[in-house]
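# A look at the structure
The lines below spell out each chain.
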Amino acid sequence: MSPDEPMSRPGGGMKVVSPATSAIHAGEPEGRPGEPVVAPVVRSSTFHSPLSAGAEAGEPLRYSRYGNNPNQESVAAKIAALEGTEAALALASGMAATAMTLLSVAEQGDHIIASRHLYGATGVLLAEELPRRGIATTFVEPSAPAAWLAALRPRTRVVLIELPTNPTLKVFDIEPARQAADKAGAILAADVTFATPVNLRAAEHGVDAVIHSATKYLGGHSDLIAGAVAGSRELISGVARMMKLYGPSIDPETAWLLERGIRTLPVRMERHNCSAQALAEWFTGVPGVRQVVYPGLESHPDHACAARLLDGFGGMLAIVLDGGGPAADRFCASLKLAAVAPSLGGVETLVSQPRLTSHVDLTPGERASLGIDDGMIRISVGLEDLADLKTEFAAAAAAAAARVAA
Ligand SMILES: *Cc1c(COP(=O)(O)O)cnc(C)c1O
């Protein structure tokens, strides 16, 4: 089935057929003799007005802040095809995607229920920024099914989850959050950056607003900042309206680069999934590694749920070293191949310490309550040779353990 004859699903979702093919061909312009196979970057900020003589009736007014430049439109169509939604929108960053989505559905006096396991800036947006606009948030433990319904208020407009979570890679059942959203007449929004549409088609599970930091796996090469939202035509047009007013549209050059990255998303994810699983199993026997956190391991508390929900367990894993922060510092200092840097989802392996990066503003006690030990190392497993990564991490683990033994 071609992407232009999608099969309707309840809730506006459509069945995704062959992500490998959609990633490459969805959204691309019709191939005419003499036309380039890869569409060019269209840098023009503005376009001849549909009101000018000779324009076809019904042509929209095009302007690149509106998100309807050809590069912005083609990458959005590709993302919608991969997510199996009616529509999608690419924006200037993952935070732009989240913020514009929330602002499009919640207004002064409204209420949001959110998972307490969120990307740092999303948590601050909800806890500090949106309250300035009269929008309150209740944070709940996402793995406690009753918590969602208990947090409902008459003006709950959004239920927001993130999955898998950072850095503990929790994968919880979406259904209780879905039911709470239904009961309130609210939308269910999910930041599924860690999963990608290859490992999870969130719309098939009733998610109304599928949000990505496209900076990560969708772009895939650590060379752009972008975000995306996918959902019904109605939802996306509301988000696009906010984007027009607040202004975080994606630059055409970045949209083109993002589309280039997405073409290889399925093949990259296959390798990320395989390498991370292999490394997680390998780390399990390494001296000085107290715990390995990966949803593909049976030892992970959410393994059964992850196996049910996901088509792949992803490229992110975490380990907890004996010896806390000092051991984690020694581990990082000894790395040669892997870069110690925030962010994730690129072709190169990236390593970070949650206690110094994503969760630096929390106390050790607060981190512990989220399951984040000070000896935790988060690894975004890249596409390098697996044997080279094992050599690298064996040396790092030995360096981390050295002083503990002494
Ligand atoms: C990085 C990230 C974001 C923010 O994305 P930007 O593109 O940096 O704005 C949001 N959510 C998750 C899960 C992320 O990893």
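Look above for the structure.
My aim in this report is to walk through the structure given alongside it, one point at a time. (Residues numbered from 1 in each chain as written. Predicted model: local features only at pLDDT ≥ 70, side-chain atom pairs only at ≥ 80, totals over all residues. Heavy atoms only, no water.)

## A word on the packing of helix α3 (residues 94-105) against helix α4 (residues 120-129)
Selection criterion: Lines fitted to C-alpha atoms define the axes here, with helix axes fitted over just the stretch in contact, and angles between the N-to-C directions of these axes take values from 0 to 180 degrees. Secondary structure elements follow DSSP: runs of H or I no shorter than four residues count as helices, runs of E no shorter than two count as strands, and numbering proceeds from the N terminus. Each angle receives one of four descriptions, namely roughly parallel if under 35 degrees, roughly antiparallel if over 145, roughly perpendicular if within 65 to 115, and oblique otherwise. The handedness criterion is simple: a crossing whose near helix is rotated anticlockwise from the far helix by less than a right angle is left-handed, and one whose near helix is rotated clockwise is right-handed. By the convention used here, residues are in contact when the closest approach between their heavy atoms is within 4.5 Å.
Put simply, α3 and α4 touch, their axes get as near as 10 Å, and they point 25° apart. The angle between α3 and α4 places the two elements in the roughly parallel class. Where α3 crosses over α4, the handedness of that crossing is right-handed. Along its contact with α3, which presents Met95, Thr98, Ala99 and Leu102, the element α4 presents Ala121, Thr122, Leu125 and Leu126.

## Section: the pairing of strand β2 (residues 111-115)
In plain terms, the rule: Exposure classes here rest on a 1.4 Å probe applied to the protein chains alone. A residue is buried below 20% of its type maximum, exposed above 50%, and partly exposed in between. In this scheme, strands are said to pair when DSSP sees at least two bridges between them. We call a crossover right-handed when, viewed with both strands directed away from the observer, the connection leading from the first strand over the helix to the second proceeds clockwise.
When you tally the buried positions in β2, you get 5 out of 5 residues, the bulk of the element. Taking every second residue as pointing to the same face, both faces of β2 are buried, with His111, Ile113 and Ser115 on one and Ile112 and Ala114 on the other. Both β2 and strand β3 (residues 136-140) contribute to a ladder of 5 bridges, which runs parallel. Along β3, the bridge assignment pairs Ser115 with Val140. In terms of handedness, the path from β2 via α4 over to β3 forms a crossover that is right-handed. Both β2 and strand β4 (residues 156-162) contribute to a ladder of 4 bridges, which runs parallel. Counterpart to Ile112 in the pairing with β4 is Val158.

## A short note on the site of the ligand
What counts, and what does not: Note on definitions. A residue lies near a molecule or strand when any single heavy atom of the residue is within 4 Å of it. Think of a polar contact as two N or O atoms within 3.5 Å of one another; within protein, one of them needs to be a possible hydrogen donor and the other a possible acceptor, and neighboring residues in sequence only count if both atoms come from side chains. Where accessible areas are quoted, they stem from the Shrake-Rupley method and a 1.4 Å probe; at the residue level, only the protein chains shown are allowed to cover. By the convention adopted, Pro, Cys, Tyr, Trp, Phe, Met, Ile, Leu, Val and Ala count as nonpolar, Lys, Arg, Asp and Glu as charged, and the other residues, Gly among them, as polar.
Within the structure, the ligand sits among 13 residues, and Met95, Asp191, Ser213, Thr215 and Lys216 are positioned closest to it. At 2.9 Å from an oxygen atom of the ligand is found a main-chain nitrogen or oxygen belonging to Gly94. One nitrogen or oxygen atom from the side chain of Thr215 is found 2.6 Å from an oxygen atom belonging to the ligand. Within the complex, the protein chains bury 91% of what would otherwise be the 380 Å² of accessible surface of the ligand. Along the lines of polarity and charge, the residues of the shell around the ligand split into 5 nonpolar, 5 polar and 3 charged.

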